[in-house]
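Next come the chains, spelled out residue by residue.
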Amino acid sequence: MLFNSIPYLILFALTYLIYWNIPQKGRKPLLVVSSLIFYAYFSFPFLFHFLLVILINYGFSEWMFRKKDKGEKHESILFTIVALNVINLAFFKYFYFITDSLFVLTGYPSFKEISGSWSIFLPLAISFYTFQIIAVQVDIHRGVIEKRMSALDYFLFILFFPQLIAGPIMRSQDFLPQLDNPTIDPDKMKKGIFLILGGLFKKVIIAENIAPIISPLYLDPAKYDSFSIFFSVLAFAIQVYCDFSGYTDMARGSANLLGYEIPENFQGPFFSQSFRELWSRWHITLSSWLRDYIYIPLGGSKGTIFRSNVNSFITMCLGGLWHGANWAFVLWGAYLGALIWIERSLYLHRGKKKFIPDHFPLASVVRTVVIFIIFSFSGVFFRAAARGAESLSVSYEIFKGVLTLRNTGDTLSRVDELPTFIALGLMFNWFQYSPFVYEKLKPLQNFLLPILSVVILLLLGIFGDGGQDFIYFQF
């Protein structure tokens, strides 16, 4: 049930109409039912597994609260439930990765036989809901969540369907205070519709049109010239941004129409002046989760710069592994972690010691372009992971193709369209980076909304087939 599909439109329309025409006490149960239907549409058998996971976690949460009320230690409860959640995630997502890696390291055929004798399917949204559930348990332990949640509130917090499949990863403080008092007004409704329309444009018009252009490159990268490879690398960064931020926009817009605010996941990351700034603007809820629940427990920025860099590097590698069970994802995280390490160690963006000094002509523009291009090349590992065991060789061929400035070979079909899609993606980055555009257009929204709705519907009919999953659904 994709956001850009008729089934979702029907589910959301029915939920919306009933939701605002019943008393508040009936709204939360309605959202839970709608969320169950939403998840069951994707995977009915795994719905029962998902509900069992939530139920077990709720039981451990209550157990921890009882221990806290009595003034008793509860660290062992926290450790147990976090371990159970990690084991659940590891079994479904990393079983083949672990056994295949052990086979490569040891050469023992038994590891290959074990992986070949099992058929394990990945439950939808397991990476996202696992992190969200772990955050709840840790926040109860830390005292961030002071009051018990009812079972209904607990289930709704995890199941809330606009953000269920691919986030944003919500924290208790993001959502729980709103549960009993959802509010709606004309401005929030119009903002929600704008977000949905913008998300549809990014997903269907930009991301889904970039995908088929660059896909042949990852089947045989040695076949293409450096020009095609370079623009494909930049275009994939835009594709991921438009696909994922488009999903987030539609999730936020849907939540707005139901009276809730959920966190933004992107804030114009491609206009960043440093890699550290970029990661404060890219997949914000995951970045903050990794910071609060991995980086800081490892020691954070306490101690030496070297130790801080090691903590950051480990965190980024684990963040890469979270994205997928493939060494290419680990390398993706390592690549980004190394960039942050180098930047911090060389004081590239501290005080007056910047990557490109301010007195340099167009310094901020040059910094932005350089950061964007270097970051985009991390996407080579991300995209190549779809090739499975061949992902590292594909990544090598792409880097080789760019660095050798190869002018021989084929040119990708329609590669000349990529600069236009890149420019459109950067335009949406600018909209997010600065609220200037939205504030200027806000007085005209009553006029613009119907026009934009018609224009985007026409564009969807012309350019979009509406049939491609969101990239982050695989995580």
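First, a word on what this report is: a plain description of the structure on this page. (Residues numbered from 1 in each chain as written. Predicted model: local features only at pLDDT ≥ 70, side-chain atom pairs only at ≥ 80, totals over all residues. Heavy atoms only, no water.)

**Considerations on helix H1 (residues 6-19)**
The test is simple: Runs of E in the DSSP output that reach at least two residues are strands. Runs of H or I that reach at least four are helices, and both are numbered from the N terminus. The length a helix should cover is 1.5 Å for every residue beyond the first. Burial status follows relative accessibility: with a 1.4 Å probe on protein chains alone, a residue under 20% of its type maximum counts as buried, one over 50% as exposed, and anything between as partly exposed. Summarising the geometry, the arc corresponds to the directions from the helix axis toward the C-beta atoms. Working rule for contacts: check all heavy atoms of both residues, and any pair within 4.5 Å makes them a contact.
Between its first and last C-alpha atoms H1 spans 19 Å; for 14 residues at 1.5 Å apiece the expected length is 20 Å, and the two agree. Buried residues of H1: Tyr8, Leu11, Phe12, Thr15 and Tyr19, and no others. For H1, the angular spread of the buried residues around the axis is 90°, confining them to a single face. Away from the buried face of H1 by more than 90 degrees, exposed residues Ile6, Leu9, Leu14 and Leu17 are located. As for H1, its buried residues are in contact with helix H2 (24-42) and helix H10 (226-257).

**Section: a nonpolar patch on the surface**
Rules: Every patch collects residues that have over 30% relative accessible area and no salt bridge, joining them within 9 Å if they carry like charges and within 5 Å if they are nonpolar side chains (Val, Leu, Ile, Met, Phe, Trp, Tyr). Accessible surface area values rest on a Shrake-Rupley calculation with a 1.4 Å probe, where residue burial reflects the displayed protein chains alone. Throughout this description, the term salt bridge denotes a Lys or Arg side-chain nitrogen within 4 Å of a carboxyl oxygen of Asp or Glu.
Where nonpolar side chains cluster on the molecular surface, the patch consists of Ile6, Leu9, Ile10, Leu14 and Ile18 and spans about 490 Å² of accessible area. Within the secondary structure layout, isoleucine 10 lies in helix H1.

**Here's the deal with the environment of isoleucine 214**
As for its position among the elements, isoleucine 214 is in helix H9 (residues 186-214). For isoleucine 214, a relative accessible area of 0% puts it in the buried group. Residues isoleucine 214 and valine 104, spaced 110 residues apart in sequence, show a C-alpha to C-alpha distance of 31 Å. With residues up to four places along the chain from it excluded, the contact list for isoleucine 214 reads Ser232, Ala235, Phe236, Gln239, Leu412 and Leu418.

**Regarding the environment of proline 123**
Assignment of secondary structure puts proline 123 in the loop between helix H5 (109-116) and helix H6 (126-142). Taking the C-alpha atoms as reference, proline 123 lies 9.2 Å from leucine 89; in sequence the two are 34 residues apart. Beyond its immediate stretch of four places on either side in the chain, proline 123 contacts Tyr39, Phe46, His49, Phe92 and Tyr129.

**Here's the deal with the pattern of salt bridges**
According to the stated counting rule, one finds 16 salt bridges in the structure shown. Arginine 171 is the partner of aspartate 292 in a salt bridge, and the nearest nitrogen-oxygen pair spans 3.0 Å. Note that aspartate 292 is positioned in helix H12 (residues 284-298) and arginine 171 in the loop between helix H7 (151-159) and helix H8 (172-175), a separation of 121 residues in sequence. Taken as a pair, aspartate 292 and arginine 171 share a single burial class, namely buried. Its salt-bridge partner being lysine 203, residue glutamate 208 comes within 3.4 Å of it at the nearest N-O pair. In this pair, the class of glutamate 208 matches that of lysine 203, namely buried. Three or more residues joined by partner-sharing salt bridges are found here, namely Lys28, Asp153 and Asp180.

Scope: geometric values only; no functional claims are made or implied.
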